[in-house]
Amino acid sequence: MQEGDIVLLRDNQGKRNDWPLGLVTRVFPRDNGKSAAVVINPKKCHIANTEVQYFGYVEVECGLEVEAPVLRPVTQRSNSLGGGAKFNIIAKYGYDDPLQPVTSDETVAVGGTVTLTCHVAASDESSLQWSNTAQQTLYFGDKRALRDNRIKLHHSTSTELSITISDVQLSDEGEYTCSIFTMPVRTAHATVTVLGVPDKPQITGYEEAVLEGKEVTLTCSSTSSKPPAKLHWYRGDQELQGHPDVLVSEPDKPTYKVIGELTLEVSRSDDNALITCAVDHPSLAPGDKRSEQPLRVLFTPEVNIQPENDLPREGEKFYLQCLAKGNPNPLSYTWEKKEGELPPLAKVDGAFLVFEMLNKSDNGVYLCEANNGIGKSQGEYALLVQDPTAMSTSSGVDHAVIGGVVAVIVFILLCLLIVLGRYLIRHKGTYLTHEAKGSDDAPDADTAIINAEGGHSGGEDKKEYFI
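What this report covers is the structure whose coordinates are included nearby. Small disclaimer: the values here were computed from a predicted structure and weren't measured. (Residues numbered from 1 in each chain as written. Predicted model: local features only at pLDDT ≥ 70, side-chain atom pairs only at ≥ 80, totals over all residues. Heavy atoms only, no water.)

1. Some thoughts on the sheet that holds strand S8 (residues 114-119)
Sheets are built from strands that pair by backbone hydrogen bonding, the pairs being arranged parallel or antiparallel.
Step number 1: Reading across the sheet, the three strands line up as S8-S13-S12 and stay open at both edges, with antiparallel pairing between neighbours. The strands lining the two open edges of the sheet, one partner per strand, are S8 and strand S12 (151-156). The average undirected angle you get between the axes of adjacent strands in this sheet is 20°.
Step number 2: Alignment of S12 against strand S13 (residues 160-165), held across five bridges, turns out to be antiparallel. By the bridge assignment, Ile 151 is partnered in S13 with Ile 165. (Pairing = 2+ DSSP bridges. Helix = DSSP H or I, 4+ residues; strand = E, 2+ residues; numbered from the N terminus. Axes fitted to C-alpha atoms, helices over the stretch in contact; angles between N-to-C directions.)

2. Describing the sheet that holds strand S30 (residues 364-371)
Step number 1: Taken together, the three strands give an open sheet; going across it, the order is S27-S30-S31, and neighbouring strands pair in antiparallel fashion. At either end of the open sheet lies a strand with only one pairing partner, and these are strand S27 (332-337) and strand S31 (376-383). For this sheet, the mean inter-axis angle between neighbouring strands, taken without regard to orientation, is 20°.
Step number 2: Pairing of S27 with S30 involves six bridges; the strand directions are antiparallel. Bridge pairing links Tyr 333 to Ala 370 in S30.

3. Here's the deal with a nonpolar patch on the surface
Step number 1: Together, Val 401, Val 405, Val 408, Ile 409, Phe 411, Ile 412, Leu 413 and Leu 416 give the surface a local cluster of nonpolar side chains, amounting to about 760 Å² of exposed area.
Step number 2: The partly exposed category is assigned to Val 408, whose relative accessible area is 48%. (Patch = residues over 30% accessible without salt bridge, like charges linked within 9 Å, V, L, I, M, F, W, Y side chains within 5 Å. Areas by Shrake-Rupley, 256 points an atom, 1.4 Å probe, with all protein chains shown as cover. Salt bridge = Lys/Arg side-chain N within 4 Å of Asp/Glu carboxyl O. Buried < 20%, exposed > 50% of the residue type's maximum accessible area, 1.4 Å probe, protein only.)

4. Overview of the packing of aromatic side chains
The geometry of an aromatic ring pair is captured by the separation of the ring centres together with the interplanar angle, meaning the angle of the planes.
Step number 1: The tally for this structure, following the rule as stated, stands at four aromatic pairs.
Step number 2: Judged by centre distance (6.4 Å) and plane angle (40°), the ring pair of Phe 318 and Phe 355 falls under tilted. Of this pair, Phe 318 sits in strand S26 (residues 318-327) while Phe 355 sits in strand S29 (residues 352-355), and the two are 37 residues apart along the sequence. Here Phe 318 matches Phe 355 in class, with each residue buried.
Step number 3: A network of ring pairs unites the aromatic residues Phe 318, Phe 355 and Tyr 366 as a single cluster.
Step number 4: A cation over a ring is seen here: Arg 290 above Tyr 234, with NZ or CZ 6.0 Å from the ring centre. (Phe/Tyr/Trp six-rings, centres within 6.5 Å; stacked < 30°, edge-to-face > 60°. Lys NZ or Arg CZ within 6 Å of the ring centre and 35° of its normal.)

5. Topic: the side chain of Thr 255
Step number 1: As for its position among the elements, Thr 255 is in the loop between strand S21 (246-249) and strand S22 (256-265).
Step number 2: A relative accessible area of 3% places Thr 255 in the buried class.
Step number 3: Within the structure, the side chain of Thr 255 is placed 2.4 Å from the side chain of Glu 250, a separation counted as a polar contact.
Step number 4: Those residues in contact with Thr 255 that lie beyond four places of it in its chain are Leu 170, Ser 224, Ser 225, Lys 226, Val 248, Ser 249 and Glu 250. (Polar contact = N/O pair within 3.5 Å; in protein donor to acceptor, adjacent residues only side chain to side chain. Contact = heavy atoms within 4.5 Å.)

6. Concerning the state of the cysteines
Step number 1: All chains considered together, the criterion is met by three disulfides.
Step number 2: In this model, Cys 118 is linked to Cys 178 through a disulfide, with the two sulfur atoms separated by 1.9 Å. The chirality of the disulfide connecting Cys 118 with Cys 178 is left-handed, given an S-S dihedral of about -75°. Of this pair, Cys 118 sits in strand S8 while Cys 178 is found in strand S14 (residues 174-180), placing the two residues 60 residues apart along the sequence. The pair formed by Cys 118 and Cys 178 is uniform in burial state, with each residue classed as buried.
Step number 3: Here Cys 322 pairs with Cys 368 through a disulfide, and the sulfurs are 2.1 Å apart. Taking the sign of the S-S torsion, -95° for the link of Cys 322 and Cys 368, the bridge is left-handed. Of this pair, Cys 322 sits in strand S26 while Cys 368 sits in strand S30, and the two are 46 residues apart along the sequence. Cys 368 carries the same exposure label as Cys 322, and that label is buried.
Step number 4: Of note for the chain: the bonded cysteines, numbered N- to C-terminal, pair according to 1-2, 3-4, 5-6. (Disulfide = S-S within 2.5 Å.)

7. Here's the deal with unusual backbone geometry
Step number 1: Following Lys 226, the chain continues to Pro 227 via a peptide bond in cis, the omega torsion being -5°.
Step number 2: With respect to the element layout, Pro 227 can be found in the loop between strand S18 (215-225) and strand S19 (230-235).
Step number 3: Positive phi outside glycine occurs at Asp 167, with the angle close to 45°.
Step number 4: In this model, Asn 272 sits at a positive phi of 70°, which is unusual for a non-glycine residue.
Step number 5: Residue placement: Asn 272 occurs in the loop between S22 and strand S23 (274-280).

8. Observations concerning the pairing of S8
Two faces make up the sheet, and in a regular strand the side chains alternate between them.
Step number 1: Side-chain alternation along S8 places Val 114, Leu 116 and Cys 118 on a buried face and Thr 115, Thr 117 and His 119 on a face that remains uncovered.
Step number 2: Sheet analysis places S8 next to S13, joined by six bridges and oriented antiparallel. Among the inter-strand pairings, His 119 is bridged to a residue of S13, identified as Glu 160.

Below, the structure is given as structure tokens:
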């Protein structure tokens with residue numbers, strides 16, 4: 001042992017996992033070859049990370065204040081102390097122990113399956129063991145020790161022991177222990193965290209249709225979540241800001257009921273809109289659990305007057321239609337003419353105003369009022385009767401297009417005729433020139449005729465004989 005060594009001190013009043021570390025500050029050789037040492041008080045001081053080389057008798061005092069190390073036990077030795085010492089040296093630290101079990105913490109949702117794995121770097125043929133939170137042995141090597149059909153052996157070798165627990169419940173949460181029965185026994189712990197899966201949310205507070213401009217308050221609640229779930233509100237794909245969630249602990253359970261509220265001032269655009277409450281929780285994929293509430297908003301009609309066509313002509317039959325959109329649908333329509341009475345030949349048929357035969361005296365502004373019991377709205381249309389021969393703007397445009405196309409075709413045909421005529425005239429001139437070739441140098445008329453018809457080469461064939 002030497003100054004600066006780290007030692008583990010056994011406390012006869014405490015658990016093994018709670019035993020403190022000590023730092024050797026002074027060493028006193030003894031006649032028997034062993035050493036006594038002074039160690040700082042581990043309950044009041046932090047211990048430096050220094051490798052222990054040797055161990056012997058110790059005394060305890062408080063002194064140096066340094067950082068605590070994270071070390072693994074390698075060997076063990078216990079000695080009785082004399083004097084006023086309260087602790088014994090039990091192990092030294094400084095390098096990895098190949099027989100120290102290694103585990104990992106796990107998280108699983110209620111109803112799921114968790115795998116607990118414990119392994120060591122080397123084997124001395126000692127058996128590995130898993131124990132539950134109540135320190136009941138689950139598996140000792142490949143041998144089942146606890147009758148629980150949910151617990152199965154997953155893998156067992158001299159260096160690894162893995163088990164699975166299916167249909168996990170909230171009561172399965174806690175610290176599980178893996179042990180290897182060497183001298184001394186080495187242990188490692190794995191904490192299993194069980195997530196309480198939230199129930200599908202329920203939306204309340206909406207019972208009947210709401211008038212436009214009024215407020216509606218919706219309440220969403222979800223139970224059985226651990227840790228507490230978070231609630232999100234949506235209108236379609238748009239997220240809405242609700243009131244902060246309220247958490248309520250459920251009786252005799254480690255789970256929570258989460259309550260959220262949303263207050264909206266509704267408009268006609270909210271009619272038939274879907275309001276969604278979605279649960280956000282580590283045990284769920286996004287959108288796994290949500291509820292929807294369609295809204296029904298009551299609002300006054302929106303009125304628009306639609307004519308039969310865009311060209312009302314004198315002497316023709318014609319009608320105007322009153323288009324009104326409201327919730328509920330309009331129950332009644334009222335037609336009137338601005339600054340006058342309706343024409344004698346105009347008849348009201350619900351949402352229609354029918355003119356049996358248009359006359360220019362029918363010109364004017366017509367009003368339609370729609371009433372749906374929630375309110376009234378009015379629309380207007382200015383009627384201007386045209387002459388019987390009047391053509392619509394669209395017809396004029398069509399005729400203009402057709403005329404332009406015909407003009408282009410005629411122009412192209414004329415150009416083709418001119419080009420074809422010039423070609424034929426030039427071709428005929430060339431033919432006449434070749435026909436007269438050879439007659440210019442003839443000594444007499446007969447020779448000229450013969451040359452013109454076929455040249456000198458064909459002269460013999462053209463000869464005539466008279467008897």
